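# Coordinate analysis (summary)
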Amino acid sequence: MAFKVNQATWLKAEGDRLEALIKMPKFWGVKWTHPKLRKALADIGLVYSVDEINLLNDEMHTRGIVEDVPD
């Protein structure tokens, strides 16, 4: 029988990873869009689907790490 990590565990682990990355001093003040974030993460070997980026964005908002700002 096949198995995989459940979504709650994935979201916790990847949310922690993303939180640590975007809280690095060099990223403070950066205005992220989904495409910009997705590309930056892919550039360091972290490849996420559009749906996964949406989930991670929601998670960062839920945690109070990010807020919406004008482009």
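Up top you'll find the structure we're talking about.
Right, let's walk through the structure included here. (Residues numbered from 1 in each chain as written. Predicted model: local features only at pLDDT ≥ 70, side-chain atom pairs only at ≥ 80, totals over all residues. Heavy atoms only, no water.)

Let us look at the overall build of the chain. Tallying secondary structure elements over the chain gives three helices and zero strands in all. Tracing the chain from N to C terminus, the helices and strands come up as α-α-α. Oriented by its inertia axes, the alpha-carbon framework of the chain measures out at about 45 × 25 × 20 Å. For the chain, with 71 residues in total, the buried portion stands at 21%. Long-range pairs, those at least 24 residues apart, make up 57% of the contacts in the chain between residues at least 6 apart in sequence. (Helix = DSSP H or I, 4+ residues; strand = E, 2+ residues; numbered from the N terminus. Buried < 20%, exposed > 50% of the residue type's maximum accessible area, 1.4 Å probe, protein only. Contact = heavy atoms within 4.5 Å.)

Before going further, it helps to spend a moment on the nonpolar core. Core analysis: the largest hydrophobic core is formed by 11 residues, namely Leu11, Leu18, Leu21, Ile22, Leu37, Leu41, Leu46, Tyr48, Ile53, Leu56 and Met60. Broken down by secondary-structure element, the contributors of at least two residues to this core are helix 1 (7-22), helix 2 (34-43) and helix 3 (50-62). Here the element with the most residues in this core is helix 1; it accounts for four residues. Among residues more than four places away in sequence, those in contact with Leu21 are Phe27, Leu41, Ile44 and Leu46. (Core = buried A, V, L, I, M, F, W, Y, C linked by side-chain atoms within 4.5 Å.)

Such coordinate-based values are descriptive only and should not be taken to indicate function.
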